[in-house]
Amino acid sequence: MANRRSLLTALAAGATVAALTACSSGAADTAAPEDGSLGTVRVGALPVPAGDILNWVDENLADAEGLDIEYVEFTDYNTPNPALTDGSTEANLFQNSTFMETYNSQAGGDLVSVGEVYLPAAAFYSDSLTSIDELGEGATIAIPNDPTNEARALEILAAEGLIEIAEGATNLDGITSNPSNFRFTEVENATLPLAIPDNDAVFVTASFALPAGLTQDQAILTEGDDSEYFNILATTPELESDPRIAKLYELLTSEETQEYMLETWGGLIVPIAG
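Residues numbered from 1 in each chain as written. Predicted model: local features only at pLDDT ≥ 70, side-chain atom pairs only at ≥ 80, totals over all residues. Heavy atoms only, no water.

A. Summary view of the pattern of salt bridges. This model, assessed by the stated rule, comprises five salt bridges. Between Asp 242 and Arg 244 there is a salt bridge; the shortest N-O distance is 3.0 Å. The pair formed by Asp 242 and Arg 244 is uniform in burial state, with each residue classed as buried. With its nearest N and O atoms 3.3 Å apart, the salt bridge here joins Lys 247 to Glu 250. Placement of the pair is Lys 247 and Glu 250 together in helix α6 (residues 243-252), with a separation of three residues, close to one helical turn. (Salt bridge = Lys/Arg side-chain N within 4 Å of Asp/Glu carboxyl O. Buried < 20%, exposed > 50% of the residue type's maximum accessible area, 1.4 Å probe, protein only. Helix = DSSP H or I, 4+ residues; strand = E, 2+ residues; numbered from the N terminus.)

This is the structure:
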């Protein structure tokens, strides 16, 4: 769309809500434009895959539906939700429901899910192994340090019978049995691809695996499509019934968008079935 703008916000992890004023001077006018179109919706996301998906939908589908998608780029997991809370965006696409609920609980937020959009399939990667079964005694494993994705990594290892964890485990304290004495390191999600040469196995989510050039063929264990960690389109309670949000979700889950995801990223990005 000719008037589409992509706003780059280079925001550091842990940035305060006040720092986000560079993104916007406040909430957008929610009134419908006089020409009958739906108007503009600002959506926060990391560049890959969500940013690419939003740009593709804007350029290929949104114009015909009277919607202008303004993609607001973030580079970490800590800042999109505060931006949505303070009105710098109207929606975001980067997190799963568990992550959002954790944010609401810790920050006193009330963000809501419009619905699931896609699974950014996480995987364990290795420079030295070809299968997760090759992990030996004392192997080193790097996993994310945020509760949601750390739990995700531990659950996958437990499902393979490599460790045992307590119900609801979200960190290393939840490991109840580690028979092979794996040595775990908790690492910031965005830097996990850099940890691959120094560890026997590293857990990387698709949002950071794809920019790093990692593919499903390089993974030694990939999350299944029965995962509960599908990314959602999130918004505020005030905007949950907004026509722009409803149309955006419709386009994100359309057959055309599903085909784009599969053709572009194969098994690492799994669209929700329409």
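B. Spatial organisation of the nonpolar core. Leu 54, Ile 69, Tyr 125, Leu 248 and Leu 252 are the most contacted members of the largest nonpolar core, which has 48 residues in total. In this view, Leu 248 contacts Val 41, Val 43, Leu 54, Leu 67, Ile 69, Ala 91 and Leu 233; residues no more than four positions away in its chain are not counted. In this structure, Leu 129, Ile 143, Ala 201 and Ile 220 belong to the second largest nonpolar core, which totals 21 residues. (Core = buried A, V, L, I, M, F, W, Y, C linked by side-chain atoms within 4.5 Å. Contact = heavy atoms within 4.5 Å.)

C. A look at the layout of surface pockets. As a volume, the largest pocket reaches approximately 300 Å³. Lining the largest pocket are 15 residues, and of these Asn 78, Phe 99, Gln 106, Asp 146 and Pro 147 sit closest to its centre. Contributions of two or more residues to the lining of the largest pocket are made by α2 (80-85), α3 (97-107) and α4 (147-159). In terms of residue count, α3 provides more of the lining of the largest pocket than any other element does, five residues in total. A breakdown of the residues in the lining of the largest pocket according to their chemical character gives six nonpolar, seven polar and two charged. Empty space within the second largest pocket amounts to approximately 240 Å³. Every residue lining the second largest pocket is counted, 13 residues in all, and those nearest its centre are Ile 156, Ala 159, Glu 223, Gly 224 and Asp 226. Mapped by element, the contributors of at least two residues to the lining of the second largest pocket are α4 and β12 (219-222). Of all the elements, α4 adds the most residues to the lining of the second largest pocket, at four residues. Partitioning the lining of the second largest pocket into residue classes produces four nonpolar, three polar and six charged. (1 Å grid on protein atoms, 1.4 Å probe; cavity = no way out; pocket = protein on both sides within 12 Å on 5 of 7 lines; lining within 4 Å. Points joined across faces, edges and corners; volume = space filled by probe spheres on them. Nonpolar A, V, L, I, M, F, W, Y, C, P; charged D, E, K, R; others polar.)

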